[in-house]
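# Observations on chain architecture
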Amino acid sequence: MAGRGELTDAAWERIEPLLPRVDGRGRPWRDHRQVVNGVLWRLRTGAPWRDLPERYGPWQTVYERFARWEADGTWASLLEHVRVRDDAVGRVEWTIAVDSTVIRAHQHAAGVRKKGAADGDELEDPGRSQACQALGRSRGGLTTKIHLAVDGRGLPLSIVLTPGNVNDATVFGEVLDGIRVPRAAAGRPRTTPERVLGDKAYSSRAIRHLLRRRGIAATIPERRDQEANRRRRGRLGGRPPAFDKEIYRGRNVVERCFARLKQFRAVATRFDKLADRYRAGVVLASLILWLREPGR
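Quick summary incoming for the structure in this document. (Residues numbered from 1 in each chain as written. Predicted model: local features only at pLDDT ≥ 70, side-chain atom pairs only at ≥ 80, totals over all residues. Heavy atoms only, no water.)

## A short note on the pattern of salt bridges
Inspection of every chain in the model, using the stated rule, returns 13 salt bridges. Of the charged contacts, one joins R33 and D9 as a salt bridge, the two residues approaching to 2.8 Å between their closest N and O atoms. Of this pair, R33 sits in helix α2 (residues 32-45) while D9 sits in helix α1 (residues 9-15), and the two are 24 residues apart along the sequence. Residue classification places D9 among the partly exposed positions, given a relative accessible area of 48%. R91 serves as the salt-bridge partner of D86, at 3.4 Å between the closest nitrogen and oxygen. The exposure class assigned to D86 is buried, which follows from its relative accessible area of 0%. Taken together, the shared-partner salt bridges connect D86, R91, D151 and R153 into one network. (Salt bridge = Lys/Arg side-chain N within 4 Å of Asp/Glu carboxyl O. Helix = DSSP H or I, 4+ residues; strand = E, 2+ residues; numbered from the N terminus. Buried < 20%, exposed > 50% of the residue type's maximum accessible area, 1.4 Å probe, protein only.)

In C-alpha cells form, the structure reads like this:
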C-alpha cells in the first residue's frame, strides 16, 4: 500500500515501463519505486537529502538517481509521455493560460561554487553566476521565477525558470516555444494552442503581433496606460484589442496550478543550488499533477 504522498499503484503502472532498466555500469538498480518515492518525500517536505528516512534506502542513492535522471532527461521524458497519451485521447485542452510566480530562495540555494575566469586569476562575477542559476536579487532577497503555460485543466505544458527580477513579457516567447507535445502516431508535434489567456503583464504590441502571426487567438486585457495613450491619439490610436471577460475567467487555472505545485515544499521554497536541479523538481511535481488528473 502506498504511503502518504507516494506513487499509487495506478501511477506506478503508468511510468514503470518507461524507466531505465540498465544501470550502464554493470551494477543492479535499487528498486525504482522505492527511490522515486524517496525523491517525492524530499520534494514534498523540503527536507535536506541527508534526512531522508531509511525506508527509502541510502540518501546518496536517491539523490544520485534524481540527479542522473535530470541530466539524461528521464524526468522530462516521463512528463512528455503522459502529455502525449492525454493528447492522443483528446484530454488536453488547447486554450492555454500563462503566468509566473516568484519563489523565495533559501540561503542554502545561494552557495553554488563560482567558476574561475578564463585566465584563472579572478573569480566569476557573483551576480552573473547567480543569474546563470536563475537567481535574481531584489528587495526581498534572492528569488527565482517560474513561468508556466498550462492547458485548460491547469496542467503544465511549458516550464521556464528565470531570475525573480525578470519581466514576464520578455520571457513569453520562450514559454510559448516550450509547448511541444509529440503525436502518438506519425506527424509533427503539437506546438500551437488555439488561444492564450494572460493578464496585463502580457499586454504588449510585440506579444499580440507574435500571436497573430502564429494564428493564435489572444485574450489579454489592455493596460490602463495603453488604453489612455490609444484614446489620446484619437483615430491614429487604432481600435482596442478584442477582449472577452467570460473567456478570461478561465485564466485562473494557472493560479490554481501554482497553488498545487506549491504543495511540494521544495518547489514553494528553492533549496537547490543549481537551476537544473530545481527545475527537475518542478518537472517531477508537474508529472504527479498529470498522473493525479481524474479519468486516468
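## Some points on the side chain of S286
The residue S286 is located in helix α12 (residues 275-292) in this model. In this structure S286 comes out as buried when scored by relative accessible area, which is 0%. When near neighbours in sequence (up to four residues on either side) are disregarded, S286 contacts L79, P156, I159 and L261. (Contact = heavy atoms within 4.5 Å.)

Read these as layout, nothing more, since geometry by itself doesn't imply function.
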